[in-house]
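Observations on chain architecture
Spelled out, the chains give:
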Amino acid sequence: MKAVVVNENGGPEKVTFTEVDAPEPSANQLQVSVETAGVNYFDIYHRRGALSAPFVGGVEGVGRVTKAGSTLDPRWAGRRVGWLGAQGSFAETVVLDEAKAVAIPDDIINDDAVALLMQGLTAHYLATSAFAIGKGSTMLVHAAAGGVGRLLTQIASHLGATVIATASTADKRRIAVDSGAKSNWVSTSMLRNSARTAPPPPMPSTPQR
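Now for a description of the structure that goes with this document. (Residues numbered from 1 in each chain as written. Predicted model: local features only at pLDDT ≥ 70, side-chain atom pairs only at ≥ 80, totals over all residues. Heavy atoms only, no water.)

1. Observations regarding the overall build of the protein
Heads up, the condition is: Only runs of H or I of at least four residues qualify as helices and only runs of E of at least two qualify as strands under DSSP, and these elements are numbered from the N terminus. Only protein chains enter the accessibility calculation, which uses a 1.4 Å probe; a residue is then buried when its area is under 20% of its type maximum, exposed when over 50%, and partly exposed in between. Only heavy atoms enter the contact rule, under which two residues are in contact if any of them lie within 4.5 Å. Each accessible area value is a Shrake-Rupley result obtained with a 1.4 Å probe; residue values ignore everything except the protein chains displayed when judging cover.
What the protein contains, in helices and strands, is five helices and 11 strands. In the protein, which comprises 209 residues, the proportion classed as buried is 35%. For the protein, long-range pairs separated by at least 24 residues make up 62% of all intrachain contacts whose partners lie at least 6 apart in sequence. Summed over all atoms, the accessible surface of the protein reaches about 12,400 Å², with 57% contributed by carbon and sulfur.

Written out as structure tokens, the structure is:
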């Protein structure tokens, strides 16, 4: 099968598109024919050295199950799934643990599905686990027109929070407002300029007992 292989850790020149053996699933894994793979900053960290080379890149994608491991329900075969955290997703075939497979409805196209996996899980975690957002909450979302920021703004607004969004351009600020941010957003460029000109904060005094 064809795959994107990181031969050595380093820059993009260390990456090749080449033939490798297709992986076979273990007893609790699924073999999936990759239709769309997600590209994330995470993959750059891996290439630069967070994961020792050589390896097939990619951790996220959408495709159809071609084979189920010996301990799994054979009816997995043919199902359309998405996943996050399956190393080797920049390839025609990948294997992943059954627990990482997410059923994808037929009315959601691959591009939308794969875009929602890593960024969507991150936004959901921030809105529910890191802090339980709800009515009466006020939150500041940086880069609110980006992937995680836009989803986080939508989720927080849906849950009843007031979102103050930052974005670097007028077009991006409109995206943030359309996603549910209130009109009291600020620009990141304004924040950076303020940070450059603002005096340093005073040193905290020693608490009195």
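So much for the structure itself; the text now carries on.
2. Side note on helix α2 (residues 110-130)
Put simply, the rule is: What a helix is expected to span follows from its residue count: subtract one and scale by 1.5 Å.
With 21 residues, α2 should cover 30 Å at 1.5 Å per step; its first-to-last C-alpha distance of 29 Å lies within 8% of that length. Residues of α2 that are buried: Asn110, Ala113, Val114, Leu117, Met118, Gly120, Ala123 and Ala127. In this fold, the buried residues of α2 make contact with β3 (29-37), α1 (41-50), β5 (60-68), β6 (80-84) and α3 (147-158).

3. A word on the sheet that holds strand β2 (residues 15-19)
Spelled out, the test is: Strands pair, by our definition, only if DSSP identifies at least two bridges between them.
Read from one edge of the open sheet, three strands run β2-β1-β4, paired in antiparallel fashion. Strands at the two margins of the open sheet, each flanked by one partner only, are β2 and β4 (55-56). Relative to β2, strand β1 (residues 2-6) runs antiparallel, the two sharing five bridges. Bridging across to β2, Lys2 finds its partner in Glu19.

4. Quick notes on the side chain of Thr166
To keep it simple, the criterion reads: In the analysis that follows, any N or O atom pair within 3.5 Å is treated as a polar contact, provided that within protein one partner can donate a hydrogen and the other can accept it, and provided that, for residues neighboring in sequence, both atoms belong to side chains.
Structurally, the position occupied by Thr166 is in strand β10 (residues 162-167). Polar side-chain contacts of Thr166 include one of 3.1 Å to the side chain of His142.

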